[in-house]
Amino acid sequence: MKKFKEPIFVTKSFLPPIEDYKKEIKKIWDSNWLTNNGPLHNEFKKKVSEYLKVKNSTLFVNGHLALDIAIKSLNLKGEVITTPFTFASTTHAIKMNGLKPVFCDIELVSYNIDVTKIEKLITEQTSAIIPVHVFGNPCNVKKIRKIAQKYNLKVIYDAAHTFGVEIDGKGVGNFGDVSMFSLHATKVFHSIEGGILTYNNNNYKEKFDLFKNFGITGPEKVEVVGLNAKMNEFQAAMGIVNLKYIDDEIEKRKKIAYEYRKLLKDIKGIKVLEDIEGVKHNYSYFPILINENEFGINRDELFDKLNEYNIFPRKYFYPLCNEYDCYRDDYNIKETPNAKYVADRIITLPMYSQLSIDNIEKIVDIIKGIKNE
Ligand SMILES: *Cc1c(COP(=O)(O)O)cnc(C)c1O
């Protein structure tokens with residue numbers, strides 16, 4: 001097999017036709033309004049809430065600060081149950097608010113929080129669960145709601161990967177007390193950088209707006225210690241334009257995912273994720289799990305070999321959050337064995353709408369070639 005001439009990275013940000021974006025940002029020159037709840041911010045908020053099928057949403061400069069502000073606004077205390085198989089953001093947001101992240105293990109099927117293991121981690125100090133809809137697959141939201149009700153806990157979903165995902169026709173942002181979507185450039189849908197909190201309780205709106213604007217409530221009044229986390233008009237303009245392309249994007253990604261699954265099906269030692277009945281997926285990532293005993297070589301060896309062919313997938317999520325230098329002294333990795341198992345075997349393959357079917361075939365042929373070397 002010959003290597004790719006140009007490097008193939010794990011993702012490639014979507015950019016709309018430049019004329020579309022120019023037309024949209026022209027409005028910023030007309031209004032001379034660059035940030036602080038401008039007209040494009042308000043238009044984007046309305047349109048994106050409709051797309052996500054949610055009652056309320058608040059926009060932020062990025063997903064991480066949105067999550068941070070959700071935690072602050074809900075007044076969480078003590079311990080928060082979450083998973084270590086996620087991006088640094090989830091754990092950092094909990095820790096930065098002076099709370100203790102308590103790591104629950106994940107399921108081997110979905111890589112999401114194992115709902116059968118949550119209850120035994122609940123203590124007098126527990127105030128919330130922050131589960132992650134990993135790779136766009138929704139968690140077991142029904143069971144999580146039951147547990148939260150029984151123990152009077154708040155639920156904040158890290159929905160960074162799940163833009164446009166629906167469960168039985170319901171936007172995934174309707175579950176839990178609050179959901180956080182990331183609109184970072186590498187996500188399925190983006191506003192360059194950006195974040196959204198979605199929620200059903202109308203009372204949250206005021207708090208979120210307060211925290212994202214320095215806690216200022218009036219020209220001569222500052223009520224709480226806040227942050228600056230406002231979405232600006234250039235971000236909102238990108239969001240408005242990209243919304244026109246999102247359905248097409250997801251459709252293209254779906255074709256790619258199906259092609260990968262078809263071609264990878266017969267390779268021993270590779271496990272792929274399948275669609276879940278009743279779920280509208282967004283095909284945000286294409287993770288595969290490498291079983292060394294069946295595949296012949298391990299994940300790290302495959303990863304290094306793929307690099308030689310100019311293919312640059314990611315070990316995502318590896319390492320686990322409880323293995324980070326900044327957390328490992330406080331945790332025992334043995335408490336989350338499934339998470340460890342998955343993190344040590346996972347590779348997310350290149351996945352973006354511009355990836356051609358030819359190139360997918362070539363990537364899979366290279367994987368087969370490496371296996372048979
Ligand atoms: C991207 C991401 C975030 C953070 O979002 P930003 O918009 O980049 O701040 C949080 N959690 C997960 C799981 C993510 O993938």
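Rules used in this analysis
Residues numbered from 1 in each chain as written. Predicted model: local features only at pLDDT ≥ 70, side-chain atom pairs only at ≥ 80, totals over all residues. Heavy atoms only, no water. Helix = DSSP H or I, 4+ residues; strand = E, 2+ residues; numbered from the N terminus. Rg over C-alpha atoms; globule rule 2.2 N^0.38 Å. Contact = heavy atoms within 4.5 Å. Areas by Shrake-Rupley, 256 points an atom, 1.4 Å probe, with all protein chains shown as cover. Lys, Arg positive; Asp, Glu negative; His and termini not counted. Charge placed at Lys NZ, Arg CZ, Asp CG, Glu CD. Pairing = 2+ DSSP bridges. Axes fitted to C-alpha atoms, helices over the stretch in contact; angles between N-to-C directions. Domains from an automatic or database assignment. Buried area = accessible area lost by both parts, 1.4 Å probe. Salt bridge = Lys/Arg side-chain N within 4 Å of Asp/Glu carboxyl O. Polar contact = N/O pair within 3.5 Å; in protein donor to acceptor, adjacent residues only side chain to side chain. Patch = residues over 30% accessible without salt bridge, like charges linked within 9 Å, V, L, I, M, F, W, Y side chains within 5 Å. Parallel < 35°, antiparallel > 145°, perpendicular 65-115°, else oblique. Left-handed = near helix turned anticlockwise from the far one by under 90°. Near = heavy atom within 4 Å. Nonpolar A, V, L, I, M, F, W, Y, C, P; charged D, E, K, R; others polar.

## Focus on the overall build of the protein
Part 1: Along the backbone of the protein there are 12 helices and 17 strands.
Part 2: Its C-alpha atoms give the protein a radius of gyration of 21 Å, near enough to 21 Å, the size a compact globule of 373 residues would have.
Part 3: Taken over the C-alpha atoms alone, the protein extends approximately 70 × 55 × 40 Å along its principal axes.
Part 4: For the protein, restricting intrachain contacts to residue pairs at least 6 apart in sequence, the fraction spanning at least 24 positions comes to 71%.
Part 5: Accessible surface, the protein as shown: approximately 17400 Å² in total, 51% of it carbon and sulfur.
Part 6: Between the mean site of the 54 positive side-chain charges and the mean site of the 49 negative ones, the protein shows a separation of 2 Å.

## So, the sheet that holds strand S15 (residues 286–290)
Part 1: Ordered in space as S13-S15-S17, the three strands form an open sheet in which the pairing is antiparallel. Because the sheet does not close on itself, it has two edges, and the strands there are strand S13 (270–272) and strand S17 (346–349). This sheet shows a mean twist of 35° between the axes of neighbouring strands, independent of strand direction.
Part 2: Across three bridges, S13 lies against S15 in antiparallel orientation. In the strand pairing of S15, Val272 is matched with Ile288.

## Observations regarding the domain arrangement of the protein
Part 1: Examined at the domain level, the protein breaks down into domain 1 (18–243) and domain 2 (245–371).
Part 2: In this structure, domain 1 and domain 2 have C-alpha centres spaced 25 Å apart.
Part 3: Counting residues at the interface gives 39 residues for domain 1, matched by 37 residues for domain 2.
Part 4: Buried area between domain 1 and domain 2, summed over both chains or domains, comes out near 3400 Å², and the portion from carbon and sulfur atoms is 60%.
Part 5: Among the residues domain 1 hides against domain 2, the three largest losses belong to Tyr111, Phe135 and Val188. Together they make up 20% of the total.
Part 6: The interface formed by domain 1 and domain 2 contains zero salt bridges.
Part 7: Our enumeration of links across domain 1 and domain 2 arrives at 22 residue pairs in polar contact (both at pLDDT 80 or more).
Part 8: Residue assignment for the side of domain 1 that touches domain 2 shows that the elements contributing at least two residues are helix H4 (88–96), strand S4 (100–103), strand S7 (166–167) and helix H7 (233–243).
Part 9: Element by element, the count of residues in the side of domain 1 that touches domain 2 is highest for H4, at four residues.

## A few points about the sheet that holds strand S10 (residues 195–199)
Part 1: Strand order in the open sheet made by the seven strands is S2-S10-S9-S6-S5-S3-S4, with mixed pairing throughout. Every other strand in the sheet has two partners, leaving strand S2 (56–60) and S4 as the edge strands with one partner each. Across the sheet, the axes of successive neighbouring strands diverge by a mean angle of 25°, strand direction being ignored.
Part 2: Seen against the sheet, helix H5 (residues 141–151) touches strand S5 (126–129) and strand S6 (154–158) and runs at an angle of roughly 150° to S6.

## Structural notes on a negative patch on the surface
Part 1: Residues Glu292, Glu301, Asp304 and Glu308 make up a contiguous surface patch of negative charge.
Part 2: Considering each element in turn, the negative patch owes the most residues, three residues, to helix H10 (residues 299–308).
Part 3: With respect to the element layout, Glu292 can be found in helix H9 (residues 292–295).

## Brief notes about the packing of H10 against helix H12 (residues 357–372)
Part 1: It is at 10 Å that the axes of H10 and H12 come closest, and there the two elements cross at 125°. Of the possible angle classes, the one that applies to H10 and H12 is oblique. In terms of crossing hand, the pair formed by H10 and H12 is right-handed. On H12, the residues that touch Leu302, Lys305 and Leu306 of H10 are Ile366, Ile367 and Ile370.

## Here we look at the site of the ligand
Part 1: As a matter of local geometry, the ligand sits amid 15 residues, with Gly63, His64, Asp158, Ser182 and Lys187 nearest to it.
Part 2: Separating an oxygen atom of the ligand from a backbone N or O atom of His64 is a distance of 2.8 Å.
Part 3: In the environment of the ligand, an oxygen atom lies 3.5 Å from a nitrogen or oxygen atom belonging to the side chain of Tyr316.
Part 4: In the complex, 94% of the free accessible area of the ligand, which totals 380 Å², lies under the protein chains.
Part 5: At the level of elements, helix H3 (63–73) and strand S9 (178–182) are the ones that each hand at least two residues to the shell around the ligand.
Part 6: Looking at the shell around the ligand residue by residue, the classes come out as four nonpolar, nine polar and two charged.

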